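Chain by chain, the residues run as shown.
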Amino acid sequence: MVEISVDTERCVGAGQCVLSAPDVFDQDDDGIVTVLEANPDADQAAEVVQAERICPAQAITVREG
Ligand code: SF4
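First things first, this report covers the structure right here in the doc. Keep in mind the model is a prediction, meaning the values are calculated, not measured. (Residues numbered from 1 in each chain as written. Predicted model: local features only at pLDDT ≥ 70, side-chain atom pairs only at ≥ 80, totals over all residues. Heavy atoms only, no water.)

## Concerning the overall build of the protein chain
Stated formally: Under the DSSP-based scheme used, a helix requires at least four consecutive residues in state H or I and a strand at least two consecutive residues in state E, with every element numbered from the N terminus. Atoms counted for the radius of gyration: C-alpha only. Globule rule: 2.2 Å times the number of residues to the power 0.38. Three exposure classes are used, based on accessible area relative to the maximum for each residue type with a 1.4 Å probe and protein chains only: buried under 20%, partly exposed in between, and exposed over 50%. Every accessible area reported is derived by Shrake-Rupley at a probe size of 1.4 Å, with residue values counting cover from the shown protein chains alone.
From N to C terminus, the protein chain includes two helices and four strands. For 65 residues, the compact-globule formula gives about 11 Å, and the C-alpha radius of gyration of the protein chain, at 10 Å, lands near that figure. Its C-alpha atoms give the protein chain principal-axis dimensions of roughly 30 × 20 × 15 Å. Looking at the protein chain residue by residue over its 65 residues, the buried ones come to 35%. Of the accessible surface of the protein chain, which amounts to about 4,000 Å², a share of 42% is contributed by carbon and sulfur atoms.

## Brief notes about a negative patch on the surface
Our working definition: Patch rule: a residue counts if its relative accessible area is over 30% and it has no salt bridge; like charges are joined within 9 Å, and nonpolar side chains (Val, Leu, Ile, Met, Phe, Trp, Tyr) within 5 Å. Salt bridges are defined as contacts in which a side-chain nitrogen from Lys or Arg sits within 4 Å of a carboxyl oxygen from Asp or Glu. His is not counted here, nor are the chain ends, while Lys and Arg score as positive and Asp and Glu score as negative. To locate a charge, take NZ of a lysine, CZ of an arginine, CG of an aspartate or CD of a glutamate.
Taken together, the side chains of Asp 23, Glu 37, Asp 41, Asp 43 and Glu 47 make up a negatively charged region of the molecular surface. With respect to the helices and strands, Asp 41 occurs in the loop between β3 (33-35) and α2 (42-54).

## Topic: the site of the ligand
The condition is simple: By convention in these notes, a residue is near a molecule or strand provided one of its non-hydrogen atoms lies within 4 Å of it. Three categories are distinguished: nonpolar for Ala, Val, Leu, Ile, Met, Phe, Trp, Tyr, Cys and Pro, charged for Asp, Glu, Lys and Arg, and polar for the others, with Gly belonging to the last.
Close to the ligand lie Cys 11, Val 12, Gly 13, Ala 14, Gly 15, Gln 16, Cys 17, Val 33, Cys 55, Pro 56, Ala 57 and Ile 60. Partitioned by chemical class, the residues of the shell around the ligand number nine nonpolar, three polar and no charged.

## So, the environment of Leu 19
With respect to the helices and strands, Leu 19 occurs in helix α1 (residues 16-20). Residues Leu 19 and Ile 4, 15 residues apart in the sequence, show an inter-C-alpha distance of 16 Å.

## Some remarks on the nonpolar core
Inclusion rule: Put simply, a nonpolar core is a bunch of buried Ala, Val, Leu, Ile, Met, Phe, Trp, Tyr and Cys residues held in one set by side-chain atoms that sit within 4.5 Å of each other. Working rule for contacts: check all heavy atoms of both residues, and any pair within 4.5 Å makes them a contact.
Residues Ile 4, Cys 17, Val 24, Phe 25, Val 48, Ile 60 and Val 62 are the most contacted members of the largest nonpolar core, which totals 18 residues. Going through the elements one at a time, β1 (2-6), α1, α2 and β4 (60-64) are the ones with two or more residues in this core. Looking at this core, the element that brings in the most residues is α2, giving four residues. In contact with Val 48, other than residues within four places in its own chain, are Val 2, Ile 4, Ala 21, Val 24, Pro 40 and Val 62.

Shown next, in the form of structure tokens:
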């Protein structure tokens, strides 16, 4: 189980998170990240951690519980 938070002030709309985990992240009309699933299950954890790593704005925080 992982818990996601995003800092929309930092997000620059690069969309890398959506490419990494399309079931978990989306972008609004301005390209800013939105979270579709704040508590993704274990199968999605690797994708979410990847999104956290590659986000150029370091706007994604993942806590693994
Ligand atoms: S990868 Fe980071 S900067 Fe790009 S849309 Fe996602 S949260 Fe925003």
